[in-house]
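Topology and contacts: notes
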Amino acid sequence: MRVLSVPAGHRYVAHLAHPDRADGVVRLPDPPVPGAAPGVWWPPVALDPQWLRDHAPELDLVHLHFGFESAAPGRLREWTAVLRDLGLPWVLTVHDLTNPHLVDQSRHAEHLDALVPAADARVTLTPGAAHRIEEEWNVPSHVVPHPHMAPLERVGRRRCGPARPMRVGVHLKSLRAHVDGVGVVDALARACAAPALREEVRLVVHVHEEVRDPSCARHDADLVALLDEVAAQGSGEVRWVSPMDDEEFWAYLSSLDVSVLPYAWGTHSGWLEECRDLGTAVLAPDVGHYAEQGPVTTYRRTDQGPHVADLERALLHLRCRRPRAVTAAFRRAQRRQIAHAHQQVYRAVLGRHGRWVPA
């Protein structure tokens, strides 16, 4: 069956495929984006209703994942209407019930209102997210777990014993909207300075260079001042960095004992899965559905930000006991199950549209 994934050029989507390509699914490449470099999929050309009309005979099914943020809600409703008129079945994976790039969620809510009820089938990653979808739109979802994100050959590599002190990292990147930079760094610095942890942990903060550039839209003067203070007091390492390529990113995560997710809101996380693949413990906020994705340690968020005593408790727990790392064998078997689950969803949807696909 020929499936147009929107987008195809994303590691999550690539890792939905059977590791031995034994699922009978051909995921078509992303249509070239005019004026963009090769391999760039955004904004997705396949969300153009006219493109769908022109290329419908080449497709059996469309599976939308990401990339609809820039489209007007009315444009998405037109897109779903064209799919319906063409008799072209489509599936939606609901990754984000709240958009990590937005503070005001009203536009994202309109997008979901246009897409979720219209899909022939919905997939999501956790039971909690599926429950929220059913509550909000009165439609069911298939729960299929998040696949590995690091390459299988990197998953479960043997690591040295726990570092002394334990390296606790938080990467703020370019301060995406849901990143609570000041709140998380301040709370972590105070938790790491607690008498029980002072000699046991080392805080390492990474952040993109543009955040300290006053001419950049991502500049945050309060965060820069806090990080300067953390560095000056020696209460943590602060590293101003450029965006990493994949190899640099995997090396970075592998250098940490614990990676702290600095999110004020969210739903699911690919970063969390990268950590699990590489044997790095995850300390995640008690928001969204991060804790349902896999074994993670959580910390509480309050209206004032992360709860310092809870962070201290969580770090003490991780100092004594780390979650068991996943193995390549587990991820490979899981990926077979994920591929089979998607194959079954696709077959059911195609069958309802009278499009028979041989077993």
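Going by the structure above, here's the rest.
I will try to describe carefully the structure that is included in this document. (Residues numbered from 1 in each chain as written. Predicted model: local features only at pLDDT ≥ 70, side-chain atom pairs only at ≥ 80, totals over all residues. Heavy atoms only, no water.)

**Focus on the side chain of D60**
Definition in use: Only DSSP runs of H or I reaching four residues or more are called helices, and only runs of E reaching two or more are called strands; each is numbered from the N terminus. With a 1.4 Å probe rolled over the protein chains alone, any residue whose accessible area is under 20% of its type maximum counts as buried; one over 50% counts as exposed, and the rest are partly exposed. What qualifies as a polar contact is a pair of N or O atoms within 3.5 Å, subject to a donor-acceptor requirement within protein and to the restriction that residues adjacent in sequence count only when both atoms come from side chains. By definition in these notes, contact holds between two residues if any of their heavy atoms fall within 4.5 Å.
With respect to the secondary-structure elements, D60 resides in the loop between α2 (49–55) and β3 (61–64). Here D60 falls in the buried class, since its relative accessible area comes to 18%. There is a polar contact of 2.7 Å between the side chain of D60 and the backbone nitrogen of R2. Ignoring sequence-local partners within four residues, the contact set of D60 consists of M1, R2, L88, P89, L350 and R355.

**Here we look at the pairing of strand β5 (residues 121–124)**
Sheet faces and side chains relate simply in a regular strand, where the side chains alternate between the two faces. Note the threshold: For two strands to count as paired, DSSP must find a minimum of two bridges between them. Crossovers are marked right-handed if the path from the first strand over the helix to the second runs clockwise, as seen with the strands pointing away from the viewer.
Because side chains alternate across β5, one face comprises the buried residues A121 and V123, and the other comprises R122 and T124, equally buried. Of the strand pairs in this sheet, strand β4 (residues 90–94) and β5 are connected by 4 bridges, and their pairing is parallel. Within β5, the position partnered with V94 by the bridge is T124. Running through helix α4 (residues 106–115), the crossover from β4 to the neighbouring parallel element β5 is right-handed. Sheet topology note: the β5/strand β6 (residues 142–143) ladder contains 2 bridges and is parallel. Within the sheet, the bridge partner assigned to V123 lies in β6 and is H142. For the segment spanning β5, helix α5 (residues 127–137) and β6, crossover handedness is right-handed.

**A few points about helix α12 (residues 328–352)**
To keep it simple, the criterion reads: To estimate the expected span of a helix, count its residues, drop one, and scale the result by 1.5 Å.
In this model α12 runs 36 Å from its N-terminal to its C-terminal C-alpha over 25 residues, within 8% of the 36 Å that 1.5 Å per residue would give. The positive-phi residue at the C-terminal boundary of α12 is G354, with phi of around 70 degrees.

**Quick notes on the sheet that holds strand β7 (residues 166–171)**
As a reminder, the rule being used: Axis definition: a line fitted to C-alpha atoms, over the contacting stretch in the case of helices. Angles run 0 to 180 degrees between N-to-C directions.
Taken in spatial order, the 6 strands make up an open sheet running β9-β8-β7-β10-β11-β12, and their pairing is parallel. Either end of the sheet is taken by a strand with one partner, and the two such strands are β9 (237–241) and β12 (297–299). Direction aside, the axes of adjacent strands within the sheet are offset by 25 degrees on average. In this sheet, strand β11 (residues 281–285) lies alongside strand β10 (residues 258–260) in parallel orientation, the contact comprising 3 bridges. Bridge assignment links V260 to a residue of β11, and that residue is L283.

**Topic: the packing of aromatic side chains**
Note the following rule: Working definition: rings of Phe, Tyr and Trp (its six-membered ring) pair if their centres are within 6.5 Å, and the pair is stacked with planes under 30 degrees apart, edge-to-face with planes over 60 apart, and tilted otherwise.
Enumeration over the complete set of coordinates arrives at 5 aromatic pairs. Centroid distance W79 to W90: 5.3 Å. Interplanar angle 75 degrees. Geometry classified as edge-to-face. With W79 in helix α3 (residues 73–86) and W90 in strand β4, this pair connects stretches of sequence that are 11 residues apart. Exposure remark for W79: the relative accessible area of 0% places this residue in the buried category. Given a relative accessible area of 2%, W90 falls into the buried group. With centroids separated by 6.5 Å and ring planes inclined at 70 degrees, the aromatic side chains of Y252 and W271 adopt a geometry described as edge-to-face. One end of the pair, Y252, is in helix α8 (residues 246–254); the other, W271, is in helix α9 (residues 270–278), and 19 residues separate them in sequence. A relative accessible area of 13% places W271 in the buried class.

**Brief notes about the pattern of salt bridges**
Put simply, the rule reads: One speaks of a salt bridge when a side-chain nitrogen belonging to Lys or Arg is within 4 Å of a carboxyl oxygen belonging to Asp or Glu.
Evaluated as defined, the whole model comprises 19 salt bridges. A salt bridge links R167 to E237; the nearest nitrogen and oxygen atoms lie 3.6 Å apart. With R167 in strand β7 and E237 in strand β9, this pair connects stretches of sequence that are 70 residues apart. Linked by salt bridges that have partners in common, R167, R202, E237 and R239 make up one network.

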